[in-house]
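# A structural walkthrough
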Amino acid sequence: MPFHLRKHCLSILLIAGVHVSLAAADSNAKGRDAGKIYAELCANCHGAKLEGGKGGGLVGRAWKHGSDDASMARSIRGGIAESGMPGFAKSVNDAEAAALVTFIRETATRKVDPTPKTDLPLPKGTQHSEEHDYRIETVAEGLDVPWSFTFLPDGRMLVTERAGRLRVIENGVLRAEMIGGLPPLVVKDEAGLMSVVAHPDFAHNHWVYLSFSDPGDDDTAMTKIVRARLQDWELVEPETIFSIPKENYQKGHVLFGSRLVFVGEYLFFSVGVRGLEEKVTVDAQNLAIANGKIHRVFHDGKIPPDNPFVGRPDAYPSIWSYGVRNPQGLAYDSSRQKLWETEHGPRGGDELNLVKRGANYGWPVVTHGMNYDGTPISEKTEAPGLESPVIHWTPSIAVSEIEFYSGDKFSKWKHQLFLGSLAGQKFLRLAVDESGVTHTEEIFKNHGRVRDIKTGPDGMIYVALECIGKLGKIVRIVPAVP
Ligand code: HEC
């Protein structure tokens, strides 16, 4: 089947019957660098560093004319009558106004809340949060970018180190021995060994599922998923669950996605857009390409016949939903039977999404983010037929794994969503109901880049932390009073 048909120069996409123009794919529509526009048109009144002048500062300001993206863009293009704020409709187009809004928000946040250069030691003793007091205990230290972990029914934990090692934590000790039989993989930038998940019936079948960066020719790579049986310290009988033809692998060592989640008889997994971070492609919109998608297969990798695009000659049959960028978080809420996803935006535009069958999440046709060089990606943040995020973060916090707490040690946290971030080093609690996210609380921050979160069989919340400039660790959140 002619999968992975590449379409170049795709400047107009037909989505849900509407034509949507894609700024990034059409150089004529591409706006100018927001930082340069700011310096040229805005700095004289608002200050070179947004600190203010006759126009007042744009940092830490209580917005008088509306704080949402659309209102701010309106202030910029329309001006504010009789206040001294000129309208820039003639010199700044819609895309550029949207990029200026992102630029202002991003610069402002960087000043107020700079990305921490390091992580702080874990706090000692009882910590307080809105609903529960807790303590943070160290489970294991000395892990090189612990990307994910899983619990085995015998009490052991398996942990991936991105550098390409599968480790065992047994009776609270990180074992020095490594599990053998891993597939060959690329380790560079974000590439390496990523998710590990034990099969729900591991006790009987010993299946361990792994996602990783598979090397292709000429320095290319792609997300691949295998399963193998764990026999003592060795993975045996490997089977491929997901891979694409090597000729379709792309250069770049970023944007792999790579989360795995079992839901009933299915395995869901996320695949990032791949390629180079600074070069936006429309692959996520193309159903003939596996990149930039959430997929659904049976546990053995076979295609469920009721997948949304099965039977279409131009579509990858494992696709469940599409139009995502770099989905590094995937979690199933068993209490409400809903699948959730998080994805990294470029600069700005990190998203939390509810994953629906066959739905299009819009990357890069709609986004709250901008290019790394400050130019706009799209003038639109939403469009008919495209799913909007439940929440988005601009500037980015580098949103990573999510987990619905399913234990019984923290009664008020049951079925709430816990969310981690990398650059932002945040560990957040999101109260969720049928309508979406009703409340957000920062439980802790600056203790490392949060790579993975899982409810343990003991009801505690386990968190993998990548520490900066040193080895990472796994910690567990336990009730303050046992
Ligand atoms: C000639 C001076 C001047 C220039 C140039 C200027 N501004 Fe303003 N701007 C102002 C003043 C004065 C206000 C305050 C209006 C008020 O408080 O009612 C303002 C208000 C704003 C606001 C709304 C603030 C709020 O509280 O809602 C935004 C956003 C803004 N400016 C962005 C920009 C951007 C972006 C540019 C460049 C494209 C720019 N301004 C250029 C003078 C200027």
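Note that the structure is predicted; figures quoted are calculated from it, not measured.

Thresholds, definitions, all that
- Residues numbered from 1 in each chain as written.
- Predicted model: local features only at pLDDT ≥ 70, side-chain atom pairs only at ≥ 80, totals over all residues.
- Heavy atoms only, no water.
- Helix = DSSP H or I, 4+ residues; strand = E, 2+ residues; numbered from the N terminus.
- Areas by Shrake-Rupley, 256 points an atom, 1.4 Å probe, with all protein chains shown as cover.
- Phe/Tyr/Trp six-rings, centres within 6.5 Å; stacked < 30°, edge-to-face > 60°.
- Buried < 20%, exposed > 50% of the residue type's maximum accessible area, 1.4 Å probe, protein only.
- Core = buried A, V, L, I, M, F, W, Y, C linked by side-chain atoms within 4.5 Å.
- Contact = heavy atoms within 4.5 Å.
- Near = heavy atom within 4 Å.
- Polar contact = N/O pair within 3.5 Å; in protein donor to acceptor, adjacent residues only side chain to side chain.
- Nonpolar A, V, L, I, M, F, W, Y, C, P; charged D, E, K, R; others polar.
- Pairing = 2+ DSSP bridges.
- Axes fitted to C-alpha atoms, helices over the stretch in contact; angles between N-to-C directions.
- Domains from an automatic or database assignment.
- Buried area = accessible area lost by both parts, 1.4 Å probe.
- Salt bridge = Lys/Arg side-chain N within 4 Å of Asp/Glu carboxyl O.
- Expected span 1.5 Å × (residues − 1).
- pLDDT = per-residue confidence, 0-100.

## As for the overall build of the protein
- Of regular secondary structure, the protein possesses four helices and 27 strands.
- With the C-alpha coordinates of the protein rotated into their principal frame, the extents come out at 75 × 60 × 40 Å.
- On the protein, roughly 20,100 Å² of surface is accessible, and the fraction owed to carbon and sulfur atoms is 52%.

## As for the packing of aromatic side chains
- What the rule picks out here adds up to 16 aromatic pairs.
- Aromatic pair Tyr405 and Phe410: ring centres 6.0 Å apart, planes at 65 degrees, arrangement edge-to-face. For the residue pair Tyr405 and Phe410, the accessibility class agrees, reading buried in each case.
- Between Phe427 and Phe444, the ring centres sit 4.9 Å apart and the planes meet at 15 degrees, which makes this aromatic pair stacked.

## What about the nonpolar core?
- Core analysis: the biggest nonpolar cluster contains 22 residues, and Tyr209, Phe242, Ile244, Leu260, Leu267 and Phe269 have the highest contact counts within it.
- Take this core: its biggest share by element is three residues, from strand β14 (residues 266-271).
- When sequence neighbours within four positions are dropped, the list of residues in contact with Phe242 reads Met222, Thr223, Lys224, Ile225, Phe269, Val271, Ala290, His295 and Tyr316.
- Counting residues in each nonpolar core, the second largest holds 19 residues, with Tyr38, Cys42, Met72 and Ala99 among its members.

## A short note on the site of the ligand
- Neighbouring the ligand are 18 residues; Cys42, Cys45, His46, Lys64 and Met85 lie closest to it.
- One of the side-chain N or O atoms of His65 is found 2.7 Å from an oxygen atom in the ligand.
- Ranked by the residues each element gives to the shell around the ligand, the list is headed by helix α1 (residues 34-46), at five residues.
- Its residues placed into classes, the shell around the ligand shows nine nonpolar, six polar and three charged.

## With respect to the sheet that holds strand β9 (residues 193-198)
- The sheet built from four strands is open, its strands ordered β9-β10-β11-β12 with antiparallel pairing. The two strands at the open ends of the sheet, each matched to only one other strand, are β9 and β12 (234-242). When strand polarity is set aside, the average angle formed by the axes of neighbouring strands in this sheet is 30 degrees.
- Sheet topology note: the strand β11 (residues 221-231)/β12 ladder contains six bridges and is antiparallel.

## Structural notes on the domain arrangement of the protein
- For the protein, the assigned domains are domain 1 (31-112) and domain 2 (127-479).
- When each unit is reduced to the centre of its C-alpha atoms, the spacing between domain 1 and domain 2 is 35 Å.
- At the junction of the two partners, domain 1 supplies 15 residues and domain 2 supplies 11 residues.
- Interface area for domain 1 against domain 2, summed over the two sides, is near 1,100 Å², with a carbon-plus-sulfur share of 64%.
- Our count for the domain 1 to domain 2 interface comes out at one salt bridge.
- When the shortest N-O distance is used, the salt bridge between Arg347 and Glu106 registers 3.0 Å.
- Summed over the shared surface of domain 1 and domain 2, the result is two residue pairs in polar contact (both at pLDDT 80 or more).
- Here the side of domain 1 that touches domain 2 takes 10 residues from helix α3 (residues 94-112), the largest share from any one element.

## Focus on the pairing of strand β21 (residues 399-404)
- With six of six residues buried, β21 is to be regarded as a mostly interior element.
- Note: β21 against strand β22 (residues 417-421), four bridges, orientation antiparallel. Residue Glu403 lies in a different strand from β22, and its bridge partner there is Phe418.

## A word on α1
- Across its 13 residues, α1 extends only 15 Å between first and last C-alpha, which sits more than 12% below the 18 Å expected from 1.5 Å per residue.
- Burial in α1 covers these residues: Ala34, Ile37, Tyr38, Cys42, Ala43, Cys45 and His46.
- The N-capping residue of α1, defined by a side-chain oxygen 2.6 Å from the backbone nitrogen of Gly35, is Asp33.
- One or two steps after α1, the chain reaches Gly47, where phi turns positive at roughly 90 degrees.

## Concerning the confidence of the model for the protein
- Chain-level pLDDT for the protein is 90 on average; 92% of the residues reach the 70-or-more range.
- The low-confidence segment residues 1-29, where pLDDT is below 50, has 59 contacts with residues more than four positions distant or belonging to other chains.

## Overview of the sheet that holds β22
- The strand order β21-β22-β23-β24 describes an open sheet built from four strands, whose pairing is antiparallel. For this open sheet the edge positions go to β21 and β24 (436-445), each flanked by a neighbour on one side alone. Averaged over all neighbouring strand pairs, the angle between strand axes comes to 25 degrees, with direction disregarded.
- Where β22 lies against strand β23 (residues 426-433), four bridges are found, and the strand directions are antiparallel. Paired with Phe418 across the strands is Arg429, a residue of β23.

## Examining helix α2 (residues 69-78)
- Taken as a whole, α2 has its buried residues at Ser71, Met72, Ala73, Ser75 and Ile76.
- Taken from the residues just after α2, Gly79 is the one with a positive phi, measuring 75 degrees.

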